[in-house]
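Next come the chains, spelled out residue by residue.
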Amino acid sequence: MRRTEHVHGPQPSVPAVSHRSAMSHHANCRRYSLSTRGGGRGGEDGGGGGFVTGGKDGTVRLLHPDLTPVMTFDLRSEAAAAAPGAIVKSVWRGRGDRRVLAGTQQGEVFLLSSADKVTCVVRGHAEGELWGLACHPTSHVFATASDDRTLLQFSIQERGLLSKLTLEQKARSVAYSPDGSLLAVGLDNGSFTVLRSRDLGEEFGARDRAEVVHEVKFSPDGQHLAVGSNDNFVDIYSVSGGYKRVGTCSGSSSFITHVDWSVCSKYLSTNSGAAERLFYRMPAGKRLTNKEEIDNISWFTWTGVLGREVAGIWPKYTDTNDINAVDVNFEDGVCVTGDDFGTVKLFKFPALKKGAKFKRYTGHSAHVTNVRFTHDRARLISTGGADHAVFQWRYQSQSTCSLGQSEGELSDDSSGSDVAQVDSDVERETEVTYDRAGLAKPAVVHAIKEEAKEAAGRGEKRPPPRPDTAAGLDLAFVFGYRGYDCRNNLFYLDSGEIVYHVAALGIVYDKGIHAQRFYRGHSDDILCLARHPSKPLAATGQVGKRAAVHVWDCTRMVAVSILGDGHERGVCAVDFSAGDGGRRLASVGLDDHHTVVVWEWRRGERLASVRGHKDKIFVIKWDRSNHDKLVTVGVRHIKFLQLAGGSLTGRRGTFGSVGKLQTMLCCVFGAGQVLTGAESGDVYDWRDDGVLSRVVKAHTGPCFAIFAVSNAEGFVTGGKDGRVCLWDAAFEKCLKSYSVTPDPSDVTRPAVVRAVTIGHGCILAGTRSGHVLEISKDGSTTVLVHGHAEGEVWGLAVDGEQTCVTVSDDRSLKVWNLRTRTLDHSFPLPLPARCVDISGGKYLAVGFNNGSFTVFKLEDGRRRGLEEVVSVHHRREHISDIKFSPGPESKYLAVGSHDNFVDIYHVARGAERVGVCRGASSYVTHIDWDTQGKLLMVNSGAREQLFFEAPRGKRHALSHGDIDRVQWATLTCVVGHSFQGVWPPRCDVTDVNAASVSPDRALIVTGDDFGFLKLFSFPAKGRLAKFKQYNGHSAHVTNVRWTADGSHVVSTGGADTAVILWTNRSSSVAAAALLDEQTANGSAADSDVSFSDSEEEGYDSDVDRERLTNYEAKIYPPSRELVDRLKSANQDEVVVPPVVGRGVSSSRPSPVVARSGGPEGKGRRRRPVTDLELHHVIGYRGADTRSNVHLLTDGSQMVLHAAALCIVHTLSTGAQRFFTGHSDDVTCLAVSQAPKFSNVCASGQVGAQPAAVLVWDAASLETLAILKGGHSRGACSVDFSSSGRYLVSVGLDNSHTLVVWKWQEGSKVAQEATGPNRIFVAQFRPDSDTVLVTAGIRHVGFWTVSGSAIVRRSGRIPHTLHASKQTMLSIAFGPDELTFTGAMSGDVYVWKRNVLSRTVKAHSGPVFALFTTLRDG
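Residues numbered from 1 in each chain as written. Predicted model: local features only at pLDDT ≥ 70, side-chain atom pairs only at ≥ 80, totals over all residues. Heavy atoms only, no water.

Draft legend 1. Up close: the overall build of the protein chain. Within the protein chain one finds seven helices and 106 strands. Among the 1417 residues that make up the protein chain, the fraction classed as buried is 64%. Sequence separation of at least 24 residues holds for 52% of the intrachain contacts in the protein chain that already meet a minimum separation of 6. Of the roughly 50100 Å² of accessible surface on the protein chain, 47% is carried by carbon and sulfur atoms. (Helix = DSSP H or I, 4+ residues; strand = E, 2+ residues; numbered from the N terminus. Buried < 20%, exposed > 50% of the residue type's maximum accessible area, 1.4 Å probe, protein only. Contact = heavy atoms within 4.5 Å. Areas by Shrake-Rupley, 256 points an atom, 1.4 Å probe, with all protein chains shown as cover.)

Draft legend 2. Fine view of the packing of aromatic side chains. In total, this model carries 34 aromatic pairs according to the counting rule given. With 6.4 Å between their ring centres and 80° between their planes, Phe1280 and Trp1303 make a pair best called edge-to-face. Taken as a pair, Phe1280 in strand 94 (residues 1263–1280) and Trp1303 in the loop between strand 96 (1297–1302) and strand 97 (1307–1313) lie far apart in primary sequence, 23 residues in all. By the ring-pair criterion, three or more aromatic residues cluster together here, those being Phe192, Phe204, Tyr237 and Tyr243. Here Lys89 stacks its cationic end above the ring of Phe1408, 4.8 Å away from the centre of that ring. (Phe/Tyr/Trp six-rings, centres within 6.5 Å; stacked < 30°, edge-to-face > 60°. Lys NZ or Arg CZ within 6 Å of the ring centre and 35° of its normal.)

Draft legend 3. Local environment of the sheet that holds strand 104 (residues 1387–1392). Ordered in space as 102-103-104-105, the four strands form an open sheet in which the pairing is antiparallel. Of all strands in the sheet, those bounded by a partner on one side alone are strand 102 (1368–1374) and strand 105 (1395–1401). Adjacent strand axes in the sheet meet at a mean angle of 25°, parallel and antiparallel pairs treated alike. Pairing analysis gives five bridges linking strand 103 (residues 1378–1383) to strand 104, with the strands arranged antiparallel. Looking at the pairing, Gly1382 lines up with Val1388 of strand 104. (Pairing = 2+ DSSP bridges. Axes fitted to C-alpha atoms, helices over the stretch in contact; angles between N-to-C directions.)

Draft legend 4. Broad picture of the environment of Gly132. Positionally, Gly132 belongs in strand 10 (residues 130–135). Classification of Gly132 by relative accessible area gives buried; the value is 1%. In sequence terms Gly132 and Ala171 are 39 residues apart; their C-alpha atoms lie 7.0 Å from each other. What Gly132 contacts, discounting residues up to four positions off in sequence, is Ala143, Thr144, Ala145, Arg172, Ser173, Val174 and Asn370.

Draft legend 5. How the structure looks around the sheet that holds strand 82 (residues 1048–1053). Here we have four strands laid out as an open sheet, ordered 34-83-82-81, and antiparallel in their pairing. Looking along the sheet, the strands with just one partner apiece sit at the ends: strand 34 (473–479) and strand 81 (1037–1042). Each adjacent strand pair in this sheet contributes to an overall mean axis angle of 25°, direction not counted.

Draft legend 6. Summary view of the nonpolar core. Counting 53 residues, the largest nonpolar core has Val60, Leu75, Val109, Leu112 and Met1198 as its most contacted members. Non-local contacts of Met1198, meaning those with residues more than four positions away in its chain, are made with Leu101, Val109, Val121, Val122, Val1189, His1190, Leu1191, Ile1207, Val1208, His1209 and Leu1211. (Core = buried A, V, L, I, M, F, W, Y, C linked by side-chain atoms within 4.5 Å.)

Draft legend 7. A look at the environment of Lys857. Within the secondary structure, Lys857 sits in strand 67 (residues 852–859). The class for Lys857 is partly exposed, based on a relative accessible area of 27%. Residues Lys857 and Lys842, 15 residues apart in the sequence, show an inter-C-alpha distance of 5.9 Å. Look past the residues within four positions of Lys857 in its chain and what remains in contact with it is Lys842, Tyr843, Gly865, Leu866, Glu867 and Val869.

Draft legend 8. Seen up close, the pattern of salt bridges. This model, assessed by the stated rule, comprises 44 salt bridges. Between Glu600 and Arg583 there is a salt bridge, with its nearest N and O atoms 2.5 Å apart. Of the two residues, Glu600 sits in strand 43 (residues 596–600) while Arg583 sits in the loop between strand 41 (558–576) and strand 42 (584–589), which places them 17 residues apart along the sequence. One salt bridge connects Lys1401 with Asp1387, and the closest N-O pair in it is separated by 3.8 Å. Taken as a pair, Lys1401 in strand 105 and Asp1387 in strand 104 lie far apart in primary sequence, 14 residues in all. For Lys1401, a relative accessible area of 27% translates into the label partly exposed. (Salt bridge = Lys/Arg side-chain N within 4 Å of Asp/Glu carboxyl O.)

Draft legend 9. Local environment of unusual backbone geometry. Residue Pro350 follows Phe349 across a cis peptide bond; omega there is 0°. Note on placement: Pro350 falls in the loop between strand 28 (343–348) and strand 29 (358–362). That bond from Phe1018 to Pro1019 is cis: its omega, 0°, falls within 30 degrees of zero. Here Pro1019 lies in the loop between strand 79 (1012–1017) and strand 80 (1028–1031). With a phi angle near 65°, Arg149 is a residue other than glycine that sits in the positive phi range. Positionally, Arg149 belongs in the loop between strand 11 (141–146) and strand 12 (150–155). For Arg149, a relative accessible area of 19% gives the class buried. A positive phi angle, close to 55°, is found at Ala503, a residue other than glycine. Looking at the secondary structure, you find Ala503 in the loop between strand 36 (498–502) and strand 37 (505–510). Judged by relative accessible area, Ala503 falls into the buried class, the value being 1%.

Pasting the structure below:
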């Protein structure tokens, strides 16, 4: 779906005090009730001491010094309007200032005020290649389109965003119509769309090509639209004729790169990747070859990079793909280019000979993808591909300077350019390979171009764009409910939402919109659930060696408290206290003694524990009127417990002669009574003193569930007889009885009721068969949640894009609608089933556990029933896989069994067996057909990959090359050279249960015995391929399948019975992201790290992507060294860079400096030339950096960085100034807080050895110090000491060197290698010049500078805390030698000196940013 955002009356500037900007986005902030110990503090900290955190969950949290919450800003809220999936990477709060700056990974910066306002002050494109650029023909507006799937319109004068449209596909081109009323956007799937520019509403859309549309342009008369694609064609559409295609320009031997219209709209010029410039007559697209006619054409635009008139823009020996964009200003006779070396160049037009003079302008840190003049020629806009920054340049047409050579002289390159470059240096530069693979680059530019050049040389089409790093899966919907061994595990929230659990997921279900939200903090099966008596909180207990109880927020889906170290094996029952407002929590373990523990859950403190009973306990309940009394019931057990101080005392219930001792299954407190449901179907009524007073017959079978209506006004019970009964307050009379709808898969079996609750005028019931039903007052029943009953779910088949079928050991076949996320039909089966396949949406083949299979026909489009076509029983052991041959007739059926055979049946001849595939050494596990239905690929339990010819089953031996050349209809096997990388080390042959390759053959998803889905790029050749890991299932994942369009993945859990639908975040072009990471870090055939084998708990794709960023491949040739080389080479002159150029402060002048000794201007003429001056930058580097946005001392300006620039941004006006001393990507930034060095900044960059750290003044933009010799490859973190006299920096070299500088002297105080693991951040304690802390991959280091040495103490975790060693992402400090580190798990680790004292849950994902205002420690 498209999402459009409009900003009316653009005014992006933000006043320093008053926040009334018309562009501001205001968000209401959620507040928390605070503990009042130590005195009441109100809702805010008043700008005093405290902490600010930011995390992957998109929230910024303000905390008191004791880490209690004050306020939360949700940047993903509709009001904040952050980019989808916003991740906070940087937070900053000025001293005594209530405002907070927050930078996101998506390239946005927000100003958060204590007045509950969220204002976006910087908004650009998120991670992804930025290519599309167009300027409005009549207004000061331009549009950009990017791989981040957004179209943005900006106001040049107001320096702000006007509107934003979220697209369904990545966008690579954009163009305005001549009157500016329409926008055409070219997308990466071969489609294009035409939008109204005023509201971005769609006028038209079409997809006539399969590959990316790299160029769109309207004709000057507005009658036609030209659309050029990587299919080598330009299609012509009639605008007035409803966008009917009226012509096609063919003949290009490679992909289309540029198109231009003539002034008369009768001709079109095209450029291609094969360095061709072709001409066509419009609108039919007939090829034009008459040279005289071509020479007489007047062009309306000139954006192509080829042609006699622009020959001079190409240096000698250059590649035809090195210049990406051109725009010509015909009035002033100039043209501007953007190239692969990050430079914008200004030439005279026409530039007829190679090596024409030019002026060079830098600032972009990656390839410049596009350049365009505005309609009035007063501005130039340029876009950076991988740095996704948009630069606005002021175009000056009357400046004067010396060109350095006579007008008639020409050289290979311009020795009169604005940087000290001569022929040999430019030639040397063009020979350098610029592979820009890295975190923020969704495409490896050099690799793409090399592939494109090879393909062009062979006359092939351009390969599709390389994938981005956004490939991944999101949990979308879960079918199932755990009812077969749990009880009273669902309830209503006050909002009407329903809370329940299945597998390892806590689920909040909104029946109004049929949508789910998930709590994913558990690592294994959830067994019990309880609701807080007054707040939207839930408590859940899980299975596990050291099982934990999680208390989580049902609104935010984040953990509030995790109670560990209380139980072994698992937690089977939990309940909140009621009489004290839910302050305490009781839990029961699965250890031999079924230990009962009482917790002060907010503090994570265990108040008391006692042995429960030798047999299993099913339920624990608090007395609603006395918060010191509890009751437990279980196997032949009822006990009344009393909490007294730090101990629990108990006594057993007294039955007397009223009733017999039996197993109690459920329990509830009434008015002065306790009611328990018994195995016999009776309800026992107990007095407060534990004596049984009476027995009431409630059900004809066991009474599994009982619930008390508010204020004990009545009770609801549910039992094995499938009835739900409503009782009066005295539990004497059954007021109403409801018969629960039987299991739809078998009408002969009643639905066993395991849980009941009442609320919102309805009764909610959970059944053993995995259903949740809602019963209304009139007795009508609605099934809200469907699922499989107890038994392993193995069989899974997907039909098309919206239907999947599952079969299970519960003897049922279920047909699911993935589009509506509902159960279409459920059918009973005669036997437990293990596999299923579907053919053409009409026929189903089901394999059973006894070695038989049956082919069914779905009658009347699945609506009437399941008709048996044929049933065959040729094998004795269970059928493990079954597949129809491809094609509309599905001629053959392959059936693999644990008898080690695959039988081939002729479907049309009544399932006659026509062949047997023999030779497997063990049971058959997986089968795949080729697309022609003639070849079978078979896997066995002996880890064999075998091939058989259909129909006879003749065995064949295929080489790896032969296997790769076969077109397979499906790829679900797990063994083979293309699947080698999916197997973890030291694994068993059965550890990977299932695999499925995406329809575009780009990704492979696997399910394993550890409950994980893993996503690999395909093929996964070599050992230990990189992957992304997803949890949700609590047992072995038995099967996985992609939908036909690759948009979703369906997975089944064995013992957890859950069927989970996952959304694929990316399209097929995002497939090889992990392969790119492998390539950037070594051989793809032998991965250096397998995420599953890390000792660290958890995995986060964003953290790991940052860890694996290869900065060495992101370095441009150092321009300063080139200048020095020129000076030593006795050149005639040395040219100082202009106002904007790498390596020079913007405060320096920009005239040409002649060498002394020669007469100034001798033999040279002065004449008017043009110039560019950087005016405004849209962008912010947040993808792989942190703590890189800061408020300056007076709070009126902020400092940030983008590309190779550091930017000083005035909040009140939006005006910007630039520090331009860097020569490549700026990767870190710090601002001194010492009064003596107010507004002094330090920034580090990537770069060849030695990489520089620059210290500069934010007021004057002057360079104060250049610190070299400390790091190779680059610096990733910098920070000033308390006095401001010292600076710490961390390198990107293999040893991640830590250096402490005395920056004013440019000298190193101390240096130490930290180790092979990546360091993300290093910070001085705010009260020290000698104590600092580093954090990184499974690393926390506490350092003290002692003379010329740095002494390290590692962080130590006491075993009593049971905290895991985590990757640490951020640092803050507190008094009394406290240090706080933000962990990948979302916890904040609190350290006393170097010893961990506690952990606090702060975010539901990694804590990327921490900041404290406690600057005095």
